[in-house]
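The chain contents come next:
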Amino acid sequence: MNAIDLTKRAPLSVPLAGFLALAASACGPSNIASGADAGGAADAGESVDAGSPGCHSQAKGADRPRKVILAHPFDSAGNKAEVYDVLDLSSSGVVTQPATRQTFTMGRALYNPIAFTPDGEIGVSVQEDGSLGIFRIDDAGAVHVIAAKYLEGFYANSVAIDARGERIYVVDQNYPNNGGGIYSVRLGCDDSLVAEGKLFESKLAYTMSLIPARPGEAFLFATALTGAQAGDSHLLNWNTQPPSITATGSVFSDPDAVVSDSRVTDDGHFALIADNNMFSGDRVGVVELTASTVRPVQVLTGLKDVAQVIPSTFDNSALAVCMEGNAIYKLAFDGANAAKPYSDPVLITYSGAKPQLPGASVRIERGALRGRVLVAELAGIRQVQFQAGGTVTDLGLTKFLTGYESITGSLGVQP
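Residues numbered from 1 in each chain as written. Predicted model: local features only at pLDDT ≥ 70, side-chain atom pairs only at ≥ 80, totals over all residues. Heavy atoms only, no water.

Asks: Can you tell me about the overall build of the protein, naming the residues and giving the values?
Replies: The helix and strand tally for the protein stands at 1 helix and 28 strands. Residues classed as buried in the protein amount to 57% of the 415 residues present. Across the protein, the fraction of contacts at a sequence separation of at least 24, relative to all contacts at a separation of at least 6, is 54%. Total accessible area on the protein stands at roughly 15,200 Å², and carbon and sulfur atoms take up 52% of it. (Helix = DSSP H or I, 4+ residues; strand = E, 2+ residues; numbered from the N terminus. Buried < 20%, exposed > 50% of the residue type's maximum accessible area, 1.4 Å probe, protein only. Contact = heavy atoms within 4.5 Å. Areas by Shrake-Rupley, 256 points an atom, 1.4 Å probe, with all protein chains shown as cover.)

Asks: Can you break down the pattern of salt bridges residue by residue, with the values?
Replies: Throughout the structure, instances matching the rule amount to 22 salt bridges. A salt bridge links Glu405 to Arg101; the nearest nitrogen and oxygen atoms lie 2.6 Å apart. Of this pair, Glu405 sits in the loop between β27 (392–399) and β28 (411–413) while Arg101 sits in the loop between β3 (95–96) and β4 (103–105); the two residues are 304 residues apart in sequence, bridging distant segments of the chain. A network of salt bridges, in which partner residues are shared, links Lys60, Glu121 and Asp139. (Salt bridge = Lys/Arg side-chain N within 4 Å of Asp/Glu carboxyl O.)

Asks: Could you give an account of the environment of Thr223, with specific residues and numbers?
Replies: Along the polypeptide, Thr223 turns up in strand β13 (residues 217–225). Once residues lying within four places of it in the same chain are set aside, the contact partners of Thr223 are Lys203, Leu204, Gly231 and Asp232.

Asks: Requested: an account of the pairing of strand β14 (residues 233–237), with residues and values cited.
Replies: Taken across its 5 residues, β14 has 5 buried, putting it largely inside the fold. Here β14 shows two buried faces, one formed by Ser233, Leu235 and Asn237 and the other by His234 and Leu236. With 5 bridges joining them, β13 and β14 adopt antiparallel strand pairing. Residue pairing in the sheet places Phe219 in a bridge with Leu235 of β14. (Pairing = 2+ DSSP bridges.)

Asks: For the sheet that holds β13, give the residues involved together with the corresponding values.
Replies: With respect to topology, 7 strands assemble into an open sheet ordered β9-β10-β11-β12-β13-β14-β15, the strand pairing being antiparallel. A single partner strand is all that each edge strand has here, and the edge strands are β9 (156–161) and β15 (244–249). Averaged over neighbouring strand pairs, the angle between their axes works out to 35° when direction is ignored. (Axes fitted to C-alpha atoms, helices over the stretch in contact; angles between N-to-C directions.)

Asks: Give a detailed account of the nonpolar core, specifying residues and quantitative values.
Replies: Ranked by internal contacts, the top residues of the largest apolar core, which has 19 residues, are Phe219, Phe221, Ala271, Ile273, Val287 and Leu289. Going through the elements one at a time, β12 (193–210), β13, β16 (259–264), β17 (270–275) and β18 (283–289) are the ones with two or more residues in this core. (Core = buried A, V, L, I, M, F, W, Y, C linked by side-chain atoms within 4.5 Å.)

Asks: Before we move on, can you summarise the environment of Phe116 with the specific residues and values?
Replies: Assignment of secondary structure puts Phe116 in strand β5 (residues 115–116). Aside from chain neighbours lying at most four places away, what touches Phe116 is Ile69, Ile122, Gly123, Phe135, Ile137, Ile161, Gly412, Val413, Gln414 and Pro415.

Asks: Hey, could you go over the side chain of Gln127 for me, with residue numbers and the actual values?
Replies: Mapped onto the elements of the fold, Gln127 is located in the loop between β6 (122–126) and β7 (132–137). Not counting residues up to four positions away in its chain, the partners in contact with Gln127 are Tyr84, Met106, Gly107, Arg108, Ala109, Leu132, Gly133, Ala148 and Lys149.

Asks: Would you mind going over the state of the cysteines in detail, with residue names and values included?
Replies: Throughout the structure, instances matching the rule amount to 1 disulfide. Note that Cys55 is cross-linked by a disulfide to Cys189, the S-S spacing being 2.3 Å. Linking Cys55 and Cys189, the disulfide has an S-S dihedral of approximately -105° and is accordingly described as left-handed. Taken together, the positions of Cys55 in the loop between α1 (15–23) and β1 (66–74) and Cys189 in the loop between β11 (181–187) and β12 put the pair 134 residues apart, joining distant regions of the chain. (Disulfide = S-S within 2.5 Å.)

Asks: For the packing of aromatic side chains, give the residues involved together with the corresponding values.
Replies: Summed over the entire model, instances satisfying the criterion amount to 12 aromatic pairs. Pairwise contacts between aromatic rings join Tyr84, Phe104, Phe116 and Phe135 into one cluster. Sitting above the plane of the Phe74 ring, Arg108 keeps its charged end 4.9 Å from the centroid. The ring of Phe252 carries the charged tip of Arg283 above its face, separated from the ring centre by 4.1 Å. (Phe/Tyr/Trp six-rings, centres within 6.5 Å; stacked < 30°, edge-to-face > 60°. Lys NZ or Arg CZ within 6 Å of the ring centre and 35° of its normal.)

Asks: Quick one: what's the story with unusual backbone geometry, residue by residue and with numbers?
Replies: Cis geometry is adopted by the peptide bond preceding Pro242, which originates at Gln241 and carries an omega value of 0°. As for its placement among the helices and strands, Pro242 is situated in the loop between β14 and β15. Positive phi outside glycine occurs at Asn326, with the angle close to 50°. Residue Asn326 is classed as partly exposed on the basis of its relative accessible area, which comes to 22%.

Asks: Give me the lowdown on the sheet that holds strand β19 (residues 294–300), citing residues and values where you can.
Replies: Strands sit in the order β16-β17-β18-β19 across an open sheet of 4 strands; the sheet is antiparallel. Looking at strand neighbours, the two that pair on one side only are β16 and β19, the edges of this open sheet. Between one strand axis and the next, the sheet turns through 20° on average, direction left out of account. For β17 and β18, the ladder comprises 6 bridges, and the chain directions are antiparallel. Of the residues in β18, the one forming a bridge with Asp275 is Arg283.

Asks: Give me the lowdown on the side chain of Asp119, citing residues and values where you can.
Replies: Its place among the elements puts Asp119 in the loop between β5 and β6. Salt bridges are absent for the buried Asp119, whose nearest opposite-charge side chain, Lys60, sits at 5.4 Å. Within the local environment of Asp119, its side chain forms a polar contact with the side chain of His56, the two groups lying 2.9 Å apart. Excluding its chain neighbours within four sequence positions, the residues that come into contact with Asp119 are Cys55, His56, Gln58, Ala59, Lys60 and Arg64. (Lys, Arg positive; Asp, Glu negative; His and termini not counted. Polar contact = N/O pair within 3.5 Å; in protein donor to acceptor, adjacent residues only side chain to side chain.)

Asks: Give me the pairing of strand β26 (residues 380–386): which residues, what numbers.
Replies: Counting buried positions over the 7 residues of β26 gives 7, a clear majority of the element. With burial as the criterion, each face of β26 is covered, one bearing Gly380, Arg382, Val384 and Phe386 and the other bearing Ile381, Gln383 and Gln385. Sheet topology places strand β25 (residues 372–377) next to β26; 6 bridges connect them, and they run antiparallel. Paired with Arg372 across the strands is Gln385, a residue of β26.

Encoded structure:
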């Protein structure tokens, strides 16, 4: 594999200090090898929304109990670990650890949200070595590992799963000559995995979001995309074969962004981009997505190490989760202000102590828990609730383990 290891660091004598060093740059360092843009995109295969429903496309009960998957990157002795905990989330929003602890092993996972197919059966974790950990949760709640460390020519930085639950799109942030681009992996109904190659070639591509409100479209942040005009924010179209580039714009005036997260509002109108480069970043960029343009709108500052940015399920307001800043901010939305639709970040009111190294964050989009956000913290899971009218309520932190073993990494919850 040509991709280089983006996250390897020299070991530190104190394991927690090692984790703090990792957490301080929530998306890994930016010292990847340089190279000239070259080549082109491969054939894309089927559209992300084409044809009849896929085998993993049908959402299950909106108010059923869900499984929460939480990675632990250290063991009780402070050594590196590859353990995932299986927790229970009740229909009323209570997260508990089973009386008999349920765990499984894949690769070490630090801070990425764990993605799920729409039916919640298949989960995909982006791991420290650039591999994907892929698992299935059966109807009884048992976890079966499909691939502990899946690698097929890419070094995964983030993933997105299509609406049919049949394809995993892998974002490799390397330069083109080192494998950078967007890859497709087909997920069979029999749990088979078929690497379909590279769809787009790119440089410093960090995150991609499929846009449910605009079937077949996706937002990609990459400092360069082969075939696109110069810019860092790209609107892609899977309704053409092969997939094509609709529009490009630049939200940041410099090339220094190290993007830890980007997400699109539920109405498909805005993309929010979290940059946690401590030297030139600590900001959230906002672009407007029209049918044929990507328009830079504003850049929000006053943040520290933005790990995640999560839009509300009720309106276009959002949360900015700041890992090293030990804080969660609300980004209020004013649709009447076209020049500055988002207000300056404001700290939410915490229930109990303030967050400690909040990182991987996932939200629930359906049922009574709609708008619930689960945030992995240093030693547990915090829950925050979006509500209609733009309000946000912190519901506090739940701890599960003690010592080094309690340190959290990647987090996922069944949709």
